[in-house]
Every structure is written in structure tokens, then in C-alpha cells.
Amino acid sequence: MSTMPTEVKIAKMALRALRNNNIAINLFYKDLNSEFGKVKEGGVVNVKKPIKFQSALGRTAQIQPYSQTTIPVKVDMHRHVAWEQNMIDATLVKSEKQLYKDLVEPAMIEIAAQVDLDLFTLVKDIPNAIGTAGTTPTTFLSVAQVAGRMTDISVPLKKRNLVVDSAYQVSMADALKTMYNPKLVEDYLQSMYIGGLAEFNVFISQNLPRLTVGVPGGTPLINGANQTGSSIAIDGLSATGTYKKGDIVTFASCYEVNPVNRVTQTFLKQFVVTADFTASGGAGNLSIEPAIVTTGAYKNCSASPANNDAITHKTSSDCQNNIAFVKDTFAFVSVPIEIPDMPGVGHTETDEGLSVTVTKGWDVKELQMVYRIDFLYGKKTLYAEQACRHLG
């Protein structure tokens, strides 16, 4: 590696440092990068979702129409760090180890933290939640309840992840001290990956989003029967009552349906608010996901909410959003950045779905080299139904 151009060395080091200091990019779905590699900044790729069918009983065929659902993913997130290095500094920095420690690692820790912040904003797309808003989970039972809810909605058991904040980490370590060996508790206090718990691989992050919630006021109710889809008429709020994007609500007679066996569950269907809402005269149309579907292969609710059904605000207080999910819940992709086809200008290092680009330019006037590291990426929630927030 010592004979490589400096930009190549930096790119290889930067890619390693990014992977070592980021949680989300290691846990999110990245298998679409061959397609994303064909687009430029701001480009869009349509990601296909699997087709669903409903089985029929009996010998006679019941032909079902189908359509391939796609989700557009935009590659529009661009992070970079740039620095100048004069001739004296360049002369003094001789070893690759020192170059990594003094320049590359600090730069990539900054980029990794900001990318984590960007990616984990997707948590607010998730409608499912366990726990009490504003109260940090403190028991093993509460973690097991998250696992149980995910099983009830047919989230695969294999490779479930749980990412938590520091308050959750400390309270859970305290709760586990009388249940598990000291080594496990110690692990819970030491690194980003803090072991396995209740069918989860558990990670700690300081970059999970905190939800600022709306204040609906009054007595929110469903305004009209037989409503389906993703826009629901409501009333009964205070004159200018609000819901915020990321809020979670339930409707009194609308129960969850298992997406595989289509059996109605014993708990209410949860919906996430997808756009900030302010009532006009205490009423309006609330945008939600998932859309209410009451028949067919995509049925997800026992029934439409009834007129005057009570609306319960699950996220009634500002809260932390710890998140349990599987790989396919969120999509992430990074794209190689085009650089001039000239020797010594720059280098893009790509490996396992990550692409980091390093470029350099010589400032003749000041006798110094300018370096920059760039990271271009996109994000999207693919399967919000395969995750569950653990409110704190």
C-alpha cells in the first residue's frame, strides 16, 4: 500500500473508517447498489416490492389480478469533508498510520455520525410501537413485548436488530444485573454492538431521532364511516389542534390483521402520520400510513373505522424512538461520484455496497494540497410494517 498514490490510500482508509464508525449502513438493505450505480446525484431508482396473493379453497381456479408495486428512491444526500495540507505538513506526515489517525479517521467519524443521523430519520416512518411515550424502558419484559409484537405481525425471526439510545442502554443494564452474568451486563456498557437480547442483536447509537409530537386537543374522532386509503377525515380536535409527522394514532374499531394468515389480532392497528396536520375548526383530513385496506390480498385492517370512533394518540408526549427492525425495512445505497478522467486527480473506492470518493488539487499560490472526501447516498423505507419502535 505504501507505493499507492495518496488519494488511493486515503480512499481505502476512509471506507474502512466509515464502516467501522456507522451503525445504520451496516444494518440497512444495500443489495440494490448495482442499479443505483447507474444514476447521478438527484437521480431516482424504482425499487420493486414483492407481489402478494391470496390463496383460494377448492378445485376451481380463482384468477387474481396483480400489479408490481414499486417505491422511488432518490439519491440526494451528499456529505463531504475537505482540508488543506501545506508542504511542511505533507513532509511531516510520513506513515499511513499517522495519516489515518490525524486526518482520515476524524474526517470519517464526522461523516459517519451525520450519515447515521440522516438514515435514522426514517424511524419516523414506522407505525408500530410499544412502550409509553416519554418513559425510558426499564424491564426485560418491555423488550420481549417488542419481540412479541413483531412476531404477531409476521416480521421474520431471523436477524432482528434493536438500536437503542444511551438512556435505554443504562436502564437495561441495570435491569439485567440480577438476571444475567456480569459479562453480559459489562458488554451492554462498552460498544456499539452490545450483544443479543430477546431475539435481537442490540446496538447503541446517539443518533436516534427524538419525536416532537402534535397537540390535537379536544376529543379527536373519526368523521364518517367506511373510510379507506391514506387520507382520513377527522373532527373533534381543538380549533387548531395538531398532529406532527411521525406521530402514531389508533382508531377504536380498526384492529390489526396478520399480513400472512390474515387473522384479526386482539390489538388496534397503528398508523403513522405522514404529514404535519393542523385542524381547521377542529376538523380536517389526516394523512396516514399504511393505507387502510379491508379486503383482498393486501388486507391489513379488520374493518374501516366507524363514524365517531375515538382516535388515540399513542405518541402523546415528546419521546425517544428506539427501533427494532430487520434488514429489509430500510434501503440505503451509496453511489460512486464521477471525477475527471485524469491521472492523480482522485480515486473512488467501492466495496460491499459503499463508495467513497477522494479528490485532490494543488494550490500553486499557497504551495498546498487540497483534499476532499465525498460520500453520495440515498435512503428509503421499504417495509415499514417490518419494524417496531420502542418508545422512550
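See the structure above.
Residues numbered from 1 in each chain as written. Predicted model: local features only at pLDDT ≥ 70, side-chain atom pairs only at ≥ 80, totals over all residues. Heavy atoms only, no water.

Engineer: Where do I start with the environment of Val-143 in this structure?
Structural biologist: Assignment of secondary structure puts Val-143 in helix 6 (residues 140-152). According to the relative accessible area criterion, Val-143 is buried, its value standing at 0%. (Helix = DSSP H or I, 4+ residues; strand = E, 2+ residues; numbered from the N terminus. Buried < 20%, exposed > 50% of the residue type's maximum accessible area, 1.4 Å probe, protein only.)

Engineer: Looking at this model, I keep getting lost on the pattern of salt bridges. Mind explaining?
Structural biologist: Close approach of charged atoms allows side chains with opposite charge to pair. The tally for this structure, following the rule as stated, stands at 7 salt bridges. With a closest N to O distance of 3.0 Å, Lys-360 and Glu-7 form a salt bridge. Within this pair, whereas Lys-360 is found in strand 20 (residues 354-363), its partner Glu-7 is found in helix 1 (residues 6-20), the two being separated by 353 residues in sequence. Glu-7 sits in the buried class, given a relative accessible area of 3%. (Salt bridge = Lys/Arg side-chain N within 4 Å of Asp/Glu carboxyl O.)

Engineer: Honestly, a nonpolar patch on the surface in this entry has me stumped. Any pointers?
Structural biologist: Where nonpolar side chains cluster on the molecular surface, the patch consists of Met-87, Trp-362, Val-364 and Leu-367 and spans about 420 Å² of accessible area. Tracing the sequence through the fold places Leu-367 in the loop between strand 20 and strand 21 (368-381). (Patch = residues over 30% accessible without salt bridge, like charges linked within 9 Å, V, L, I, M, F, W, Y side chains within 5 Å. Areas by Shrake-Rupley, 256 points an atom, 1.4 Å probe, with all protein chains shown as cover.)

Engineer: What should I look at first to understand the packing of helix 1 against helix 5 (residues 96-120) in this one?
Structural biologist: Axes are the key here: two packed helices are described by the angle between their axes and the distance separating the axes. Where helix 1 contacts helix 5, the axes come no closer than 9 Å and their chain directions differ by 50 degrees. Judged on the interaxial angle alone, helix 5 and helix 1 are oblique. Our pair here, helix 1 against helix 5, has a crossing hand that is right-handed. Residue-level inspection shows Lys-9, Ile-10, Met-13, Ala-14, Arg-16, Ala-17 and Leu-18 of helix 1 in contact with helix 5, the latter providing Glu-96, Leu-99, Tyr-100, Val-104, Met-108, Ile-111 and Ala-112. (Axes fitted to C-alpha atoms, helices over the stretch in contact; angles between N-to-C directions. Parallel < 35°, antiparallel > 145°, perpendicular 65-115°, else oblique. Left-handed = near helix turned anticlockwise from the far one by under 90°. Contact = heavy atoms within 4.5 Å.)

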